[in-house]
Every structure is written in C-alpha cells, then in structure tokens.
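Structural overview
Next come the chains, spelled out residue by residue.
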Amino acid sequence: MSKLLTVYDDKEPLNNVVSELTLDVDEVFYVYHHNVSINNFINIDKVIKKYKDITTNYIQLHDDEREIKKILNDNPGIIIDVGGAKYLSLLLFEIAREKENDLIYYDDEENVIKDYRDHVVIEDKVFKLGIEDVLRLRGGEIKDYMHHNVTDQVSKEIIVNLVENNMDNYAAVIRYLTKVNSLLNDDDCQGNNTFLLDEEKKRNILTDVSYKKISDLFRIEEDKLIFKNTKLRNLIGVSGAFLENYIYIKLSESGYFDDVKMSVVIDFADEKYTHPVRCEVDCLVIKDNHLLFVSCKSTKVDTTALNEIYVHNSKFGNCLSKAAICVCEELDRKYPSFYAKGQELGIYLIDKSSFKGNEIAEAFKSIFDGTYEYDELEKA
C-alpha cells in the first residue's frame, strides 16, 4: 500500500489534492496546527473520493516532531510532500531529509510534480480537476444556471452570425432587441413563437435600422412577428445572453479547453447560514487546472464589473486561476481608465479587436498559454 504524508494548506487548495490524485497512493495523512473547519476537510474528501478510493487522515499536531516521527516510523516508505510553504512543511522536510523516503512537491508554476532533492520532474501530467472541483475546494458549489446555453445547430448559427455581423455597433443591436422584447405582450402571443402586432408596433420594429441586422432571429409576416424558435425568443429577454452564448459556443467548439460553463450560480453558504449565499459568474473556463472567471458585458462597463470578477477569483480561485472581462467595445480607446485599472488588477481584458477575424477563442487561449498581451494605452 502506497501512502502520502503532507501538510494541510489553508491558503492554496490545489496543494491538498493535486499530488494526492496524481500519484498512485491509497492513503493520505494531512497534518496541521490550528483549528480548521470540518467543512474544509469534507470538501477535500468530496473532490478526492469523486475520482479515487483514497483513505484520508487529518491529524492536528500538538507535539510536532514526536508526532511526525511516529507517522514516519509507523508507515515506512511513505511519500513525503513538502510543497506547502509554511513552518510545518519545513519541519517535515528537516525530519525526513535524512531518510530514504521519496520527497516530492507540486510546482504550481509549471503544473508538475517534482522530486525535492534533485528537482527532476516525476509527473508532468498532473491530475486534471473539473470546474466544480476547484470551486468545491474553496467552499463553492454550482447550484443553478441563470440561463442555459443553446444546443441546436440552427440557434448556434443565428447567435454567431448576429454577434459577428454586428460587432461594429453591437450595443445598438442589443438595445433594439430589448425594445422588441418590451413591445411583445403575452396577450398577443398566438403560440408557435408567433406574436400579433398592431400597426404602431410593427412600424416601430420594421423602421429601426437594426431590423436588417438580426440574422434569422425573427421575421415579420403581415401583422405577425415570428421567432425562429422558442429558445431564441426567450433569449431576447436577457440582454447579455447572446454574448454569453456566443463565447460559450466559440470556446466549446475550439476544442482547446477542458470545460466551459456559462451563467453559473455559485452557492458558498456554510453551516452558519440557513439561507443561500450566492453569486453569479457569466462564464467559467478551465484548462490544465487553470480556472478562468469571466464577466461578459454587451455594452457599458464600469469599475464595479472589475471589482466583482476580481473578488470572484479571490474567493473561489487558487494560485493558477485568473479573471477576465469580455466586452464588445475597444476598451483601451473608449474606456482607457477602465482598461488601466483592469491591467493593474491583473484582470485580462478581451475586447472588440479580439472578436474580429474569428479570433475570440485564440484570445482566450493566449491567457492560458501565457502569450496574452495588453494593448498599449495612449499617453495622456
């Protein structure tokens, strides 16, 4: 039976599961000092036992050296993970370095596991966590979705065409769709995604220049407005849903990312609360344990959006996670102060130039592969 001894890391959750899931071990011993919420251990167990049948032991130390030596003596050949940058990891290293046990650590910069003595990579393909796993390790759980992504090919093509063909004036098209939605009353619904229009409503919809820019979203025949399908009819009630779906479609179909989720509702209430404590994230993207929190903005942006996505990453992310804002405007030109603040906060900014030429997936890919570059702002 192969075993692992490590230090519970209350700052970096990846250190509590990556080595455990990557290496072929049957039992793990976590040692720690201070009082820890039992929920933290429950969340670790939920992630580990989702994939492997590993026995976990959580041991609060009172006599550090004696108790660590006892674990080592009782479990000869145990692998020792000294990756956590804290006192107990250093003490564990000092006690173990004269022994023949394997000494390993997780290098989060390279996302590999290395031998501590000679720094040789012993595992270059570490275990890949899912989006839910990363959130779970920080006490978050996906409870719902604000709206679901379209799945049929017809709807996908209409959304992609609508976004890409209107990138030069996307805000105007979204305002138009919002207006159309406000004009449609349930009393006028004839079923089969068909609405009756009086002459005033019909004229209001037809004479807007954006009518010719909506792809096949809907059509007008005599006194009727007919949507292509129910899913698209429902989307115009949520102004940001088109951009979120577009991003989801492009990233999912690129094949580069391990998983993509949109319109996620995350609950992070603990035992102190009887009511849900929730937040919403427009898009989550993961690749090789790097989780990206994305805020999608169709039109106006402000610093609240920056602060919100920054907090989401801080609350639910880890050393590999990142935050980004995706906006259909040239941010560096139209909102230079916003752009500068985003850059200072380390938030990645995907703007209008990234949509043109069908390069949106490449723009997101650059965040993960380390080639992303901020636009150079003009000097005041």
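Up top is the structure.
Residues numbered from 1 in each chain as written. Predicted model: local features only at pLDDT ≥ 70, side-chain atom pairs only at ≥ 80, totals over all residues. Heavy atoms only, no water.

Here we come to the sheet that holds strand β1 (residues 3-7). Reading across from one edge, β3-β2-β1-β4-β5-β6-β7 is the order of the seven strands in this open sheet, with mixed pairing throughout. Each edge of the open sheet is held by one strand with a lone partner, namely β3 (55-60) and β7 (121-123). Along the sheet, successive strands turn relative to each other by an average axial angle of 30 degrees, direction set aside. Here six bridges tie strand β2 (residues 27-32) to β3, and the two strands are oriented parallel to one another. When the sheet's bridge partners are listed, Tyr32 is paired in β3 with Gln60. The strands touched by helix α4 (residues 87-96) are β1, β2, β4 (79-81) and β5 (103-107); relative to β1, the strand with the most contacts, the crossing angle is about 135 degrees. (Pairing = 2+ DSSP bridges. Helix = DSSP H or I, 4+ residues; strand = E, 2+ residues; numbered from the N terminus. Axes fitted to C-alpha atoms, helices over the stretch in contact; angles between N-to-C directions. Contact = heavy atoms within 4.5 Å.)

With that settled, the discussion passes to the environment of Met262. Within the secondary structure layout, Met262 lies in strand β13 (residues 259-267). Here Met262 is in contact with Tyr145, His147, His148, Asn149, Glu244, Asn245, Tyr248, Asp282 and Cys283, once residues within four sequence places are set aside.

Of all ten residues in α4, seven are buried, a share of seventy percent or more. Looking at α4, one finds that the buried residues are Leu88, Ser89, Leu91, Leu92, Phe93, Ile95 and Ala96. At its buried positions, α4 is contacted by β1, β2, α3 (64-74), β4 and β5. (Buried < 20%, exposed > 50% of the residue type's maximum accessible area, 1.4 Å probe, protein only.)

Strand order in the open sheet formed by six strands is β8-β13-β14-β15-β16-β17, with mixed pairing between adjacent strands. On the outer flanks of this sheet lie β8 (141-145) and β17 (348-350), each paired with one strand and no other. Along the sheet, successive strands turn relative to each other by an average axial angle of 40 degrees, direction set aside. Relative to strand β16 (residues 322-327), strand β15 (residues 290-297) runs parallel, the two being bridged by six bridges. If you follow Cys296 over to β16, its bridge partner there is Cys326. Contacts between helix α10 (residues 241-254) and the sheet are confined to β13, β14 (278-287), β15 and β16, with β13 contributing the most and set at about 135 degrees to the helix.

Before going further, it helps to examine helix α13 (residues 336-344). Along an α-helix, a turn takes 3.6 residues, which lines up residues three or four apart on a common side. Phe338, Tyr339 and Gly342 are the residues of α13 that are buried. Along α13, the residues classed as buried sweep out an arc of 100 degrees about the axis, all on the same side. Exposed and oriented more than 90 degrees from the buried face of α13 are Ser337 and Glu344. In this structure, the buried side of α13 is in contact with α11 (303-316), β16, α12 (331-334) and β17. Gly346, located one to two residues past α13, shows a positive phi value of around 75 degrees. (Arc of directions from axis to C-beta.)

Moving on: the layout of surface pockets. The calculated volume of the largest pocket comes to roughly 640 Å³. As for the largest pocket, its lining consists of 30 residues, and the residues nearest its centre are Asn39, Asn40, Asn43, Arg138 and Gly139. Counting residues per element, the ones that place at least two in the lining of the largest pocket are α2 (38-51), α5 (131-137) and β8. In terms of residue class, the lining of the largest pocket is made up of nine nonpolar, seven polar and 14 charged. Quantified by volume, the second largest pocket comes out at close to 250 Å³. Among the elements of the structure, α10, β14, β15 and α11 are those that each provide at least two residues to the lining of the second largest pocket. The greatest single-element share of the lining of the second largest pocket, amounting to four residues, is contributed by β15. A breakdown of the residues in the lining of the second largest pocket according to their chemical character gives seven nonpolar, seven polar and six charged. (1 Å grid on protein atoms, 1.4 Å probe; cavity = no way out; pocket = protein on both sides within 12 Å on 5 of 7 lines; lining within 4 Å. Points joined across faces, edges and corners; volume = space filled by probe spheres on them. Nonpolar A, V, L, I, M, F, W, Y, C, P; charged D, E, K, R; others polar.)

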